[in-house]
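Structure assessment
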Amino acid sequence: MSLDQPLSELKGVGPKLAEKCQGMGLNTIGDLLFHLPYKYQDRTRITPIGRLRFGMAVVIEGEVRGAQVVFGKRRSLICRIQDGTGLLSMRLFHFSKAQQVRLRAGTRIRCYGEVRQGSTGLEMMHPEYEVRDEGDFPPLDNALTPLYPSTDGLNQNRLRSLVDQAIDALKQQGGLPEWLPPDWLAGWGLPSLTEALLTLHHPQADSDTEALLSGQHPAQQRLALEELLAHHLSLMQMRQRTQAAGATPLPPSQRLVSALLKQLPFTLTGAQQRVLADIQTDLASPRPMLRLVQGDVGSGKTLVAVLAALQAIEANHQVALMAPTELLAEQHFRTLSAWLEPLGLRCGLLTGKLGRRQRGEVLDDLASGQVHLAVGTHALFQEAVQYQRLGLVIIDEQHRFGVHQRLALKEKAVHGLPHQLTMTATPIPRTLAMTAYADLDVSIIDELPPGRTPVTTTVISQDRRDAVVRRVDAACGDGRQVYWVCTLIEESEELQAEAAEATADALQRALPNRRVGLLHGRMKPADKNRLMQAFKDRQLDILVATTVIEVGVDVPNASVMIIENPERLGLAQLHQLRGRVGRGTVDSHCLLMFGSPLSAQGQQRLEVMRSTSDGFRIAEEDLKLRGPGEVLGTRQTGALEFRVADLERDRRWLDVIPELAKQLTAQYPSHVEPLVQRWLWGADRYGQV
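Residues numbered from 1 in each chain as written. Predicted model: local features only at pLDDT ≥ 70, side-chain atom pairs only at ≥ 80, totals over all residues. Heavy atoms only, no water.

1. Section: the overall build of the chain
Helix and strand counts for the chain stand at 24 helices and 21 strands. Out of the 689 residues in the chain, the part that is buried amounts to 52%. Residue pairs at least 24 apart in sequence account for 75% of intrachain contacts in the chain once pairs closer than 6 positions are excluded. Surface summary for the chain: the accessible area is close to 30900 Å², and the carbon and sulfur share equals 49%. (Helix = DSSP H or I, 4+ residues; strand = E, 2+ residues; numbered from the N terminus. Buried < 20%, exposed > 50% of the residue type's maximum accessible area, 1.4 Å probe, protein only. Contact = heavy atoms within 4.5 Å. Areas by Shrake-Rupley, 256 points an atom, 1.4 Å probe, with all protein chains shown as cover.)

2. Digging into the sheet that holds strand S18 (residues 516-519)
Taken in spatial order, the six strands line up as S16-S21-S20-S17-S19-S18 in an open sheet, and their pairing is parallel. The sheet is open, and its two borders are formed by strand S16 (455-461) and S18, each paired with just one other strand. Neighbour-to-neighbour, the strand axes of this sheet turn through a mean angle of 20°, independent of strand direction. Alignment of strand S20 (residues 558-564) against strand S21 (residues 588-594), held across five bridges, turns out to be parallel. Counted as the bridge partner of isoleucine 562 is leucine 591 from S21. Sitting on the sheet, helix H16 (residues 465-477) is in contact with S16, strand S17 (481-485), strand S19 (542-545), S20 and S21, with an inclination near 150° to S17. Where helix H18 (residues 525-536) meets the sheet, it contacts S17, S18, S19 and S20, and its direction lies at approximately 145° from that of S18. (Pairing = 2+ DSSP bridges. Axes fitted to C-alpha atoms, helices over the stretch in contact; angles between N-to-C directions.)

3. Digging into the environment of arginine 515
Its location among the elements puts arginine 515 in the loop between helix H17 (493-510) and S18. A relative accessible area of 39% means that arginine 515 is categorised as partly exposed. Expressed as a C-alpha distance, the spacing of arginine 515 and leucine 543, which sit 28 residues apart in the sequence, is 8.7 Å. With residues up to four places along the chain from it excluded, the contact list for arginine 515 reads Gln508, Arg538, Gln539, Leu540, Asp541 and Ile542.

4. Details of the packing of aromatic side chains
Under the defined criterion, the tally for this structure stands at four aromatic pairs. Ring centres of tryptophan 184 and tryptophan 188 lie 6.4 Å apart, and the angle between their planes is 65°; this geometry places the pair in the edge-to-face category. Of this pair, tryptophan 184 and tryptophan 188 both sit in helix H5 (residues 182-188), four residues apart, which is roughly one turn of the helix. Ring plane angle 80° and centroid distance 5.0 Å describe the contact between tryptophan 188 and tryptophan 653, whose orientation is recorded as edge-to-face. Within this pair, whereas tryptophan 188 is found in helix H5, its partner tryptophan 653 is found in the loop between helix H22 (628-632) and helix H23 (657-667), the two being separated by 465 residues in sequence. Judged by relative accessible area, tryptophan 653 falls into the buried class, the value being 2%. Between the NZ or CZ atom of arginine 43 and the centre of the ring of tyrosine 112, over which it lies, the distance is 4.1 Å. Geometry around phenylalanine 34 places arginine 643 over its ring, the cationic atom sitting 5.3 Å from the centre. (Phe/Tyr/Trp six-rings, centres within 6.5 Å; stacked < 30°, edge-to-face > 60°. Lys NZ or Arg CZ within 6 Å of the ring centre and 35° of its normal.)

As structure tokens, then:
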């Protein structure tokens, strides 16, 4: 039996079971080998009842002393078991007359279950059990019993049976081919891949269960190392393929960049100049630029992107800038038009809400090359959109786009591949950047423009809401503007909107002399834009909003932000929200108004926000607390998901992985492709974006 065969080849797997397995990502017999247990049960020894403690999961053997039906809140059958060292109760809420008869006094019984505190002492509730009147019980297991991630209608016994058949196939095949050099494994004290899999599916009774459960067992580390290496190799391959495809060199702009810098009332920071130099060198190369620019909120990423765009435009190419929301796209369009129109250049806006006539005009002008820079949302890559000569793609807040969307925009280039610049204001921890973006060159704008004031962050209880309202009133009295952000556990736009409406009404009643506006995700885009413009023009004192204001809104006069229930948001999101204030020259404040009781983890997270404004430290903490999927954004096809590796737990490998990838490619080139295919299932196309 081959490991590449479908699961339907296994005994007992019909179409329905195969479909359930497919829903869990199990398509072939080999997939079962990498479907690892999340927990183990120890059924290898009998534990005397006298040694039992609350919470233990154990096998016991003894004699039934009696069984009786007890009537309380729920009817249950209580069976008393004794083994000479103590007494234990077995409680069954669902039982038959036959079970009641079978559990008569004098019968020998073996149970496996978790010990809990009952009304009559220690008890097991609905344990697995078997009884004997005569003869011996079957031998105990000689290995720990694995528990696997499962789904409805697929119980553990059935899943264990399937995995065992896969293990038999593995043994018949003589094990899996080993693609890591033996001296690497020996140096780190790691087993072969086949040994690691056999250990993890059937660990011996004397195994280090603590190491197994924490993921630090050599068998798990062996798999994590190979998976991280395969991931890195795949990104290296994609980068090589992308660069081999070539791109049109775009020589550095002399006229347009100088003209824009002259009209600005400020100069570039040292960090902006450094990152711009990296980008200009990339664009002048015959290989496609693949660069990620990270910069905290307000660090000037947009200006750097525009200067890069001018280099492409002066070389007679078009530029597309994709933003995650219509609000941000329209703000970019206004900013960029103000910068570029004096230079004789034309920007075009393409969003979903454009009327047919407007949309048709923009499409015609893009196709004819009259629009130099197109700004928009995902509308930029729809089928009807054609570019005359797309040379540079700029993606803002790239983790907010699905990989299919980013790939579609990239494929709009007519001549070769476009250069690609991605930007994010969500700082990405070094450990994550090394893994998720190993195919990109990373530049960091780590300097804020002069005149920006740090934001003072205060953590305060909802019990002091009245004091917060008075503080808001005082800030408005001083001519400042205030954001008040409402959050809910539920993701429903409707519930979010209702919470924001209630808060806006309460604030208007409490502060009748202040002008209160309301912004939420259910509003029409035109209404959102009108409201934001009114806030920017100081026609409103307080803007009550849901987290829709997180990205890109720029109101320098807003100096106070209240965030309700901040414990419900991730640290990166809180950091983004806080970045909406402190954009002017006056002292700015962010109040994190938490609900009680606050969990220990909630306290820890809010303390991080209070103690630092360093986006990278915040991102590292977010990675520890919430994992890579949350830090990078909503999980999506092709996003960073590992079967075995854990970036926080296995970070010790991250520093050595790039060097190992180079060594394997140089010394064992024939091992690279099968290693990648083993772990990535051909999903490498997504790495091109």
